[in-house]
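Structural overview for review
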Amino acid sequence: MSKHANREFFPLNIALLTLSDSRSAEQDSSGDLLQQLAGDAGHSVLQRSLLPHDRYQIRAQVSQWIASSDVQVIIINGGTGFAAGNCTPEAIRPLFDSEVEGFGEQFRQLSFADIGSSSMQSRALAGMANGTLLFAVPGSGGACRQAWEALIAPQLDGRTGPCNFVAHVKNSPQPACR
């Protein structure tokens, strides 16, 4: 990851959504991990929610955050695999103004080193909607950490070059990459 000395770090406002039919908020270790990692990186977690695998509840919550003037980034964990009931891609893809195709591709490439061909079953994805950056990753703690450290955190850091997503989120103080 290349850093540019003349760029600044800008803390972003993040909303976290965990999807699970079996966990409660008290058992949401992946959500806890993402909250800790975001805070440690200097970002603010403004809102956090846990919902079942119901595409309409997911879509409603995510739409509310997209419409918010405060939420700049949404990170969803869970519901990206092929297990029965998983519906995260189907729930959020219709909300995208544009998809970040490289995110899912890179996540599966990184996962391959850990879990081999099983990585192809990940439907991790990312996109932009109303100036809000959305990431959807598997619900395991290892997958959340890997996605955060290798892909999400660098792109939420305005110092990362040659480009990052900070300039593209609503209310960004950073000019767009050239």
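My aim in this report is to walk through the structure given alongside it, one point at a time. (Residues numbered from 1 in each chain as written. Predicted model: local features only at pLDDT ≥ 70, side-chain atom pairs only at ≥ 80, totals over all residues. Heavy atoms only, no water.)

1. Section: the nonpolar core
Within the largest apolar cluster, 30 residues are counted, with the highest numbers of intra-cluster contacts made by Ile-75, Phe-103, Phe-135, Trp-148, Ile-152 and Leu-156. At the level of elements, β2 (13–19), α1 (29–40), β4 (73–77), α4 (101–115), β6 (125–129), β7 (132–137) and α5 (141–155) are the ones that each hand at least two residues to this core. Top contributing element to this core by residue count: α5, with 7 residues. Once you skip the residues sitting within four places of it in the chain, Phe-103 turns out to touch Ala-124, Leu-125, Ala-126, Phe-135, Ala-136, Val-137, Ala-147, Leu-151 and Ile-152. (Core = buried A, V, L, I, M, F, W, Y, C linked by side-chain atoms within 4.5 Å. Buried < 20%, exposed > 50% of the residue type's maximum accessible area, 1.4 Å probe, protein only. Helix = DSSP H or I, 4+ residues; strand = E, 2+ residues; numbered from the N terminus. Contact = heavy atoms within 4.5 Å.)

2. A closer look at the environment of Gly-141
Counting through the fold element by element, Gly-141 comes out in helix α5. Using a relative accessible area of 33% as the deciding quantity, one classes Gly-141 as partly exposed. It is 18 Å that separates the C-alpha atoms of Gly-141 and His-53, two residues lying 88 residues apart in sequence. Residue contacts for Gly-141: discarding those within four places in its chain leaves Ser-30 and Leu-33.

3. Describing the layout of surface pockets
Considering only enclosed or pocket space, the largest pocket measures out at about 230 Å³ in volume. If you trace the largest pocket, you find 15 residues lining it, with Gln-106, Ala-150, Leu-151, Gln-155 and Phe-165 closest to the centre. Within the residue set of the lining of the largest pocket, elements represented by two or more residues are α4, α5 and β8 (160–161). The biggest single contributor to the lining of the largest pocket is α5, with 4 residues. Residue composition of the lining of the largest pocket, grouped by class: 10 nonpolar, 5 polar and no charged. (1 Å grid on protein atoms, 1.4 Å probe; cavity = no way out; pocket = protein on both sides within 12 Å on 5 of 7 lines; lining within 4 Å. Points joined across faces, edges and corners; volume = space filled by probe spheres on them. Nonpolar A, V, L, I, M, F, W, Y, C, P; charged D, E, K, R; others polar.)

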